[in-house]
Amino acid sequence: MKKIIIVIFLCTLGFVCAKAQNSVTGTVVSAEDGIGLPGVSISIQGTTGGTITNANGIFTLKIPKNAKKLVASFVGFVSQQIILNGKKDLGTIQMKTDAVGLDEVTVLASIVTDRKTPVSVSTISSEAIGLKLGTQEFPEILKTTPSIYTSKEGGGYGDATVYVRGFDSNNVGVLINGIPVNDMESGKVYWSNWAGLSDVTRTMQIQRGLGASKLGLSSVGGTINILTKSTDAKKGGIVKFGVGPDGYQKQSFSVSTGITKDGWAVTLLGSHTQSDGYINGTNFNAYSYFAEISKRINDQHSLSFMITGAPQWHNQRGNKHTIIQYKTQRDKFKYNSDYGIRDGKVYGGGYGYNEYHKPQAQLNHYWNINHNTQLTTSLYASIGTGYGRRINGNKSSWLTVNYKTGKDDPEIMRTPDGLLDFDAVAKANKTYTAGGSQAIVGENHNDHVWYGLLSNLTHNYKDFKFTAGIDARYYKGKHYQEISDLLGGQFFLDTSKNLNRSSNTWLYVGDKYSYNDNGISRYGGLFGQAEYAADKLTGFLSAAIAQKSYKRQDYFNYTIGNETSDWQNFYPWNVKAGISYKIDDVNTIFANGGYVQRTPYMAEVFVNYTNEINSKASYEKIITAEIGYNLTLPNFNLSFTAYNTAWNDRGIHKTIGQELTNLSGVNELHQGIELTANYHPIKKLRIDGMFSMGNWKYTNNVQASVYDDNQTLKGRFSAYMKDVHVGNSAQTTASLSADYEILPNLRLNADYVYYAKNYADFDATLRNDASFSGDSWKLPDVGLVDLGFNYKFKIAGLNSSLNGMVDNLFDTEYVSKATDGATHSSTDALVYYGFGRTWSTSLSIKF
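Thresholds applied
Numbering of residues starts from 1 in each chain and follows the order in which that chain's sequence is written. Local features in a predicted model are, by the rule used here, given only for residues with pLDDT of at least 70; side-chain atom pairs are given and counted only at 80 or more, and totals for whole chains, interfaces and linings are based on all residues. Working from all heavy atoms in the structure, the side-chain values ignore hydrogens and water. Secondary structure elements follow DSSP: runs of H or I of four or more residues count as helices, runs of E of two or more count as strands, with numbering from the N terminus. Computation of the radius of gyration draws on C-alpha atoms, with the globule rule given as 2.2 Å multiplied by the number of residues to the power 0.38. We call a residue buried when its accessible area falls under 20% of the maximum for its residue type, exposed when it is over 50%, and partly exposed in between, using a 1.4 Å probe and counting protein chains only. Should any heavy atoms of two residues lie within 4.5 Å, those residues are counted as being in contact. Any two strands with at least two DSSP-identified bridges between them are counted as paired. For the purposes of these results, a polar contact is taken to be a pair of N or O atoms within 3.5 Å, where, inside protein, one atom must be able to donate a hydrogen and its partner to accept one; residues adjacent in sequence count only when each atom of the pair is a side-chain atom. Side-chain atoms within 4.5 Å link the members of a nonpolar core, which is a set of buried Ala, Val, Leu, Ile, Met, Phe, Trp, Tyr and Cys residues. Salt bridge, as applied in this entry: a Lys or Arg side-chain nitrogen positioned within 4 Å of an Asp or Glu carboxyl oxygen. Put simply, two rings from Phe, Tyr or Trp (the six-membered ring, in Trp's case) pair if the centres are within 6.5 Å, and we call them stacked under 30 degrees between planes, edge-to-face over 60, tilted for the rest. For a Lys NZ or an Arg CZ to count as sitting over a ring, it must be within 6 Å of the ring centre and within 35 degrees of the ring normal. A fitted line through C-alpha atoms represents every axis, and for helices the fit uses only the stretch in contact; the resulting angles, taken between N-to-C directions, go from 0 to 180 degrees. To count toward a patch, a residue needs a relative accessible area above 30% and no salt bridge. Like charges then connect within 9 Å, nonpolar side chains (Val, Leu, Ile, Met, Phe, Trp, Tyr) within 5 Å. Only the protein chains shown count as covering a residue, and every accessible area follows the Shrake-Rupley method with a 1.4 Å probe. Confidence of the predictor at the level of single residues is given by pLDDT, which spans 0 to 100. By construction, the arc corresponds to the directions joining the helix axis to the C-beta atoms.

J.: What's the story with the overall build of the protein chain in this structure? I'm lost.
T.: Counting its secondary structure elements, the protein chain contains seven helices and 50 strands. Relative to the compact-globule value of 29 Å for 847 residues, the protein chain shows a C-alpha radius of gyration of 28 Å, a close match. Its C-alpha atoms put the protein chain at 95 × 60 × 55 Å along the principal axes. Classification of the 847 residues of the protein chain by burial places 56% in the buried group. Expressed as a percentage of contacts within the protein chain between residues at least 6 apart in sequence, the contacts between residues at least 24 apart total 68%.

J.: Any chance you could explain the sheet that holds strand β13 (residues 179–180) here in plain terms?
T.: In sheet architecture, strand pairing relies on hydrogen bonds along the backbone and comes in two forms, parallel and antiparallel. The strand order β9-β14-β15-β12-β13 describes an open sheet built from five strands, whose pairing is mixed. Whereas interior strands pair on both sides, the edge strands pair on one side only; in this sheet they are β9 (120–125) and β13. As defined by bridge partners, strand β12 (residues 172–176) adjoins β13 across two bridges and the pair is classed as antiparallel. Pairing of I176 across the sheet is with I179, part of β13.

J.: Explain the side chain of T161 to me, please; I cannot follow it from the model alone.
T.: Mapped onto the elements of the fold, T161 is located in strand β11 (residues 161–164). Polar contacts involving the side chain of T161 include one to the side chain of E153, which spans 2.9 Å. A polar side-chain atom of T161 sits 3.2 Å from a polar atom in the side chain of K817. In this structure, T161 is in contact with Y149, T150, S151, E153 and K817, ignoring residues within four places of it in sequence.

J.: Would you mind showing me how to read the environment of K188 here?
T.: Among the structural elements, K188 can be located in the loop between β13 and α4 (197–200). Considering only alpha carbons, one finds K188 and L830, 642 residues apart in sequence, at a separation of 23 Å. Those residues within four positions of K188 in sequence are excluded, and the remaining contacts are S169, N170, V181, N182 and D183.

J.: How should the nonpolar core be read in this particular structure?
T.: Taken as a class, soluble globular proteins show a tendency for nonpolar side chains to be buried jointly. By size, the foremost hydrophobic cluster in this structure holds 25 residues, and its most contacted members are F138, L142, W191, L197, M204, I224 and I226. Mapped by element, the contributors of at least two residues to this core are β11, β12, α4, β14 (201–208) and β15 (222–228). Per-element tally for this core: the top contributor is β12, with three residues. In terms of nonpolar packing, the next biggest core, distinct from the first, is built from 18 residues, L37, V40, F59 and I93 among them.

J.: Explain the pattern of salt bridges to me, please; I cannot follow it from the model alone.
T.: A side chain of one charge can pair with a side chain of the opposite charge if their charged atoms are brought near each other. Inspection of the entire model under this criterion finds 27 salt bridges. Across the pair D423 and R342 runs a salt bridge whose closest N-O atoms are separated by 3.7 Å. Highlighted residues: D423 in helix α6 (residues 422–429) and R342 in strand β23 (residues 339–342), separated in sequence by 81 residues. The class of R342 is buried, set by a relative accessible area of 15%. Each of R165, R208, E626 and E674 takes part in a single network of salt bridges with overlapping partners.

J.: Just checking my understanding: could you explain the packing of aromatic side chains for this structure?
T.: Aromatic ring pairs are described here by two measures, namely the spacing of the ring centres and the angle between the planes. Following the criterion strictly, the structure yields 22 aromatic pairs and no others. Judged by centre distance (5.6 Å) and plane angle (80°), the rings of Y326 and Y833 are edge-to-face. Pair noted here: Y326 is in helix α5 (residues 323–327) and Y833 is in strand β49 (residues 830–833), with a separation of 507 residues, a long-range link. For the ring pair Y698 and F762, a centre distance of 5.2 Å and an interplane angle of 85° mean the geometry is edge-to-face. With Y698 in strand β41 (residues 685–698) and F762 in the loop between β45 (746–758) and β46 (782–795), this residue pair connects regions lying 64 residues apart in the sequence. The same class applies to Y698 and to F762, which are both buried. Ring pairs connect the aromatic residues W313, Y353 and Y387, which therefore count as one cluster. Sitting over the face of the ring of Y347, R389 holds its NZ or CZ atom 4.3 Å from the ring centroid. The ring centre of Y353 lies 3.9 Å from the NZ or CZ of R389, which sits over that ring.

J.: What exactly am I supposed to notice about the environment of G788 here?
T.: Note on placement: G788 falls in strand β46. On the basis of relative accessible area, G788 is assigned to the buried category, the value being 3%. When the C-alpha positions of G788 and D739 are compared, they lie 9.2 Å apart, and in sequence the two are 49 residues distant. The contacts of G788, once residues within four sequence positions are left out, are R747, L748, N749, G804 and M805.

J.: Just to check I follow, could you spell out the sheet that holds β23 for this structure?
T.: On the basis of which strands lie adjacent, the open sheet formed by three strands has the order β24-β23-β28 and mixed pairing. Among the strands making up the open sheet, the edge pair consists of β24 (345–348) and β28 (420–421). The strands touched by α6 within the sheet are β23, β24 and β28, with β23 carrying the most contacts at an inclination of about 60°.

J.: In this structure, what is going on with a nonpolar patch on the surface? I would like to understand it.
T.: A surface patch of nonpolar side chains, about 620 Å² in accessible area, is lined by W264, I293, I297, L303, F305, L363 and L379. On the secondary structure map, L379 appears in strand β27 (residues 373–392). Judged by its relative accessible area of 48%, L379 falls in the partly exposed class.

J.: Can you help me understand the side chain of S256 in this one?
T.: Topologically, S256 is positioned in strand β18 (residues 249–256). Look at S256 and you get buried, because its relative accessible area is 4%. Reaching out from S256, the side chain makes a polar contact with the backbone nitrogen of G258 at a distance of 3.2 Å. Among the polar contacts made by the side chain of S256, one reaches the side chain of T267 at a distance of 3.1 Å.

J.: Whenever I open this one, the pairing of strand β17 (residues 236–243) confuses me. Can you help?
T.: Walk down a regular strand and you will see the side chains alternate between the two sheet faces. Summarising the sheet, β17 and β18 pair through eight bridges and their orientation is antiparallel. Bridge assignment links V239 to a residue of β18, and that residue is F253. A loop of five residues connects β17 with β18, the two strands running antiparallel in sequence, and D246 in this loop sits at a positive phi of about 60°. Direction of pairing for β17 relative to strand β50 (residues 838–846): antiparallel, over a ladder of six bridges. Note that in β50 the partner of G242 across the bridge is S842.

J.: I would appreciate a short explanation of the confidence of the model for the protein chain in the present structure.
T.: Detail in the predicted coordinates should be disregarded across regions flagged by low pLDDT. Looking at the protein chain as a whole, its pLDDT mean stands at 88, while 92% of the residues score no less than 70. Confidence drops under a pLDDT of 50 for residues 4–20, and excluding neighbours within four residues, the segment shows 25 contacts in the predicted structure.

J.: Hey, could you run me through α6 in this one?
T.: Here α6 has its buried residues at F422, V425, A426, A428 and N429. Across the axial projection of α6, the buried residues extend over an arc of 160°, all falling on one side. Buried positions along α6 lie against β23, β24, β27, β28 and β29 (440–461).

Below you can see the structure in the form of structure tokens.
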């Protein structure tokens, strides 16, 4: 019945008729590069009639005889009036960007033009983010793009993950204004550090596969390019208020001076979001800010300074449970075993609390050397601090769940309501007067200092464009455990290995214990690219080479003066190429491929969290290729891609509960097809669809090492994983979306998303028997529906809009993530359920 309702809604969104005697045609292009702009709204001034441009920026519109002007409008560009002078062909219409310095940043960020650059790409505008994101996590805006799988994980604010073609964030390059933000030690991207990006993003582009980025990135699965809001060219601002369930509240504002007579422009943005959380015990409080100052010095030089950040704290859920465990709980799928009560307040204990602030600042210089040559340079820095809570001590079992079974430890202390009883633990700690606290709350800190320089020189020569540049980075990560709460005791007796203080030292709040080390990375790279663009043929060839070095400092396992290792140097490089051929105005084919030799991550280089060097640490090798086809019609576009990615000698680091498993020498093969289509039968209606099907498997067995939460080696074993499907990401996805203006200024939108062939992530410790060759448990298939609306109106003469969103309209129960169990079935798999029905509404007022 649900599917019937969906089909009826998407297929009967209405028809319109318009009477006219004449028709006009024209082509809308970007004034900066002359490339046609798809999706530009062309309306007849004073009426509701109009159309939109096709993939090449071309439009044809029937107009009444008395029509005098058309209006071209497009998100991110200044609206333009077109005077009708009786001509049927209006020629080329140029639209200028509404932001200062946007084009230069676009070049730095390797943003590409769809249907022209020979890579698989999807672009999401700030308007789409504002309309559809609601209370969802920022990466979830990508869920209707092919080969993408997003999940809220445990449900904490900013804890969402995104997978591209089966690869996690370690292997998906993430750029913010062209600056790489993947952790230089592990390659990870923690979206909680960037939770405020939804407020400041102007454009989000996902390039699947190797993509078009010229940098030496970890973009095996793809590259996510995020352009933040630049300095607005027009004076004005916007205020926004939003509400949702579970106490969700959000307020935001932005204001811009526009460009002054002397070339200055300033844009400021700020927001505050808070909620009790959909999952029990996941309340949060978050802020975001953005500021940019631009100065146009003259026609050749301009400067801009940007800073953005998102300080936040949130309680979270860190342990999965079996399906039957959830169903026997009073709160069902909202159950959270990892929080409790401390002095009468909600308290996230072990794996239950996260607090970070990692801002990023950029100083950009744009130099138009001449008409054909430009130099763009960015200096950037990030100084971040943050931590997550952990439970430690001889009696940590008082407050922990068995992460292998999802069951409580027999010694666990809970309130009558089933919450972790931190007050009872504090009372028990007071009885250990000689031994000190037996269970404490610690903070696992991960602070960093990060500096970088990125410079990009571009030269145009006839049909060619040549690019060369440098990419230099320095990163220092500080990792240590620090006592946060003695839980009623007087001190904590330190029994961990520390060569720089005596054993059994009494420690107090603020003291470091367990481990204290720094990871230092430096990177220096050169990159170059040659592009060719003619009427029918386009292509590119790019290469990058670098030196990446690691050094480790350990203040517990080594005496003072001997705590620093030698530099370990690696020389990664990559080469990639692509070609696109336009058969005619309708059909285009393309192909691309490349080879990447990637540096192993720091955990592979140093053995057992010590300064001992792993002499067997080897480069990871990736060979990938894809072919594609684009069909472009006036109101219909279709794109098809087939890809093959072989990845050898990969290092995998899997955290399951309180254990970290390192696997070396893993080989994977990712193959698949992707299909996207969009249809504009009339101006008021847009229909989009996508389908992707992958086959992602491990192709060999490997050796594994397991460490506890204190970085202590627990053992080594063989992991038999050959022919096991890659987990954590649906290998088959599909979506169907529609957007329809049912009344003047009132639009409805609906998304149907389908996930299948989604396998549980394997636990390597359960695959140490060569006699077992089965696959991981496959999660049940699921289809989800989201529904939204947007209504534009005026308040006291100010442009305003009311936006609403209902996610998971039919309140479908489904498993979103799972870790495989010993029986490789639903019986003992540990899972997270996806969110049920949620909603949000917001009011925006422009001035």
